[in-house]
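# Observations on the model geometry
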Amino acid sequence: MAVPILAYHQIAVPPSGKAPFRSMVVHPEAFRRQMEWLKRLGIKGLSLREALPYIAGEKAGKVAAITFDDSYLNVYENALPVLQEFGFTATNFVVANQIGGSNVWDVPLGVAPAACMSVEQLRRWSSFGHEIGSHTLDHVHLPQLSQTEARRQISDSRGLLENLLGVDVSSFCFPYGDETQVDRKLTYEAGYSAATTTKRGRARPQDDLFGLPRATVRRNDSWLHFVRKCVFG
Ligand SMILES: [Zn+2]
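Quick summary incoming for the structure in this document. (Residues numbered from 1 in each chain as written. Predicted model: local features only at pLDDT ≥ 70, side-chain atom pairs only at ≥ 80, totals over all residues. Heavy atoms only, no water.)

On to the overall build of the protein chain. Counting its secondary structure elements, the protein chain contains 8 helices and 10 strands. Computed over the C-alpha atoms, the radius of gyration of the protein chain is 16 Å, within 12% of the 17 Å expected from 2.2 N^0.38 for a compact globule of 233 residues. C-alpha atoms of the protein chain, sized along the principal axes, occupy 45 × 45 × 30 Å. Considering the protein chain as a whole, with its 233 residues, one finds that 54% of them fall into the buried category. By sequence separation, contacts in the protein chain at least 24 residues apart represent 65% of the contacts at least 6 residues apart. When the accessible area of the protein chain is evaluated, it comes to approximately 10,200 Å², of which 52% is carbon and sulfur surface. Averaged over its 26 positive side-chain charges, the protein chain has a centre that lies 8 Å from the centre of its 23 negative ones. (Helix = DSSP H or I, 4+ residues; strand = E, 2+ residues; numbered from the N terminus. Rg over C-alpha atoms; globule rule 2.2 N^0.38 Å. Buried < 20%, exposed > 50% of the residue type's maximum accessible area, 1.4 Å probe, protein only. Contact = heavy atoms within 4.5 Å. Areas by Shrake-Rupley, 256 points an atom, 1.4 Å probe, with all protein chains shown as cover. Lys, Arg positive; Asp, Glu negative; His and termini not counted. Charge placed at Lys NZ, Arg CZ, Asp CG, Glu CD.)

As C-alpha cells, then:
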C-alpha cells in the first residue's frame with residue numbers, strides 16, 4: 001500500500017499579506033483538524049522511521065508519515081502537544097548548525113526570521129518517541145557543492161546530532177528537495193536508512209528509499225486537498 005509522507009514546515013499563525021513562502025506556515029488549528037482527519041480516516045500518524053516497514057511493504061496498515069522540515073520552535077510549541085494528544089509520532093529534520101538558532105538560510109529570500117528548537121527541546125522531542133532526522137549542517141543546495149563538502153554536510157550532521165542528543169539518526173531530508181544520484185549515494189554511504197525529497201506522491205515499495213516522494217501540506221489546503229493527499233497522493 002502507498003504511504004503518504006506529509007511535509008510540514010512552520011506551525012504558526014501565518015504572516016499577513018504577501019510574505020514569501022507564506023504558504024509554508026500552517027495555522028495550529030488547521031494542523032489539529034488535519035490530525036483529526038487522519039484519525040477519522042483510521043490512518044495512524046508515524047515518524048518516517050516507523051513508517052518505513054509500511055513503505056517497504058513489510059507491514060500492512062493505514063499509516064501516514066508526518067515530517068517537519070527545519071526544526072522550528074513553533075513546531076515544538078504548537079504541533080508537539082497535538083501529536084501527543086492523538087498518540088502520533090513524527091520526524092523533525094534538523095539543520096544541525098542552527099540548533100537554538102534560526103532560519104538564516106531563508107532570510108536572503110525575504111522570509112521572516114523564525115527560531116529553531118534548542119538542544120533541550122530536541123531532547124524532549126525525542127524523549128516522547130518522536131524521531132530526529134538530519135537536514136544537513138547548514139541547509140545547503142547539495143548539488144552545488146563539491147563532493148567532499150556534500151559528504152561533510154550529509155555525514156557530519158548525522159554524527160553531530162547523534163553525539164549531541166544520544167539518539168540514532170537514520171532519516172535524511174534534502175534541503176530544497178535538491179539532490180542528484182550522487183547525493184543519494186552519499187546519504188546511503190553515511191549510514192542513513194532513507195531520505196526524502198520534494199517530489200510529489202505517496203511512497204511505494206518500488207521507490208528508491210533515498211529519494212522518497214512527499215506531500216507538502218500548505219497554509220490554504222482545504223480538508224479535501226488534505227484528504228486527497230493522504231488517500232490518493
Ligand atoms: Zn528545509
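This brings us to the layout of surface pockets. Any space left empty among the atoms is revealed by the rolling of a water-sized probe across them. Counted as a void, the largest pocket has a volume near 500 Å³. If you trace the largest pocket, you find 31 residues lining it, with His9, Phe21, Met24, Asp70 and Asp106 closest to the centre. The class makeup of the residues in the lining of the largest pocket is 17 nonpolar, 8 polar and 6 charged. (1 Å grid on protein atoms, 1.4 Å probe; cavity = no way out; pocket = protein on both sides within 12 Å on 5 of 7 lines; lining within 4 Å. Points joined across faces, edges and corners; volume = space filled by probe spheres on them. Nonpolar A, V, L, I, M, F, W, Y, C, P; charged D, E, K, R; others polar.)

What follows concerns the coordination of the zinc ion. In the first shell of the zinc ion, the protein supplies Asp70 (OD), His135 (NE2) and His139 (NE2), at 2.1 Å from the metal. Donor residues for the zinc ion sit on one chain with the sequence pattern D-x64-H-x3-H. Here histidine 135 lies in the loop between strand 7 (131-134) and helix 6 (147-165) and aspartate 70 lies in the loop between strand 5 (63-69) and helix 3 (73-78), a separation of 65 residues in the sequence. Taken as a pair, aspartate 70 and histidine 135 share a single burial class, namely buried. (Donors = N, O, S within 2.8 Å, 3.2 Å for Na, K, Ca; no water.)

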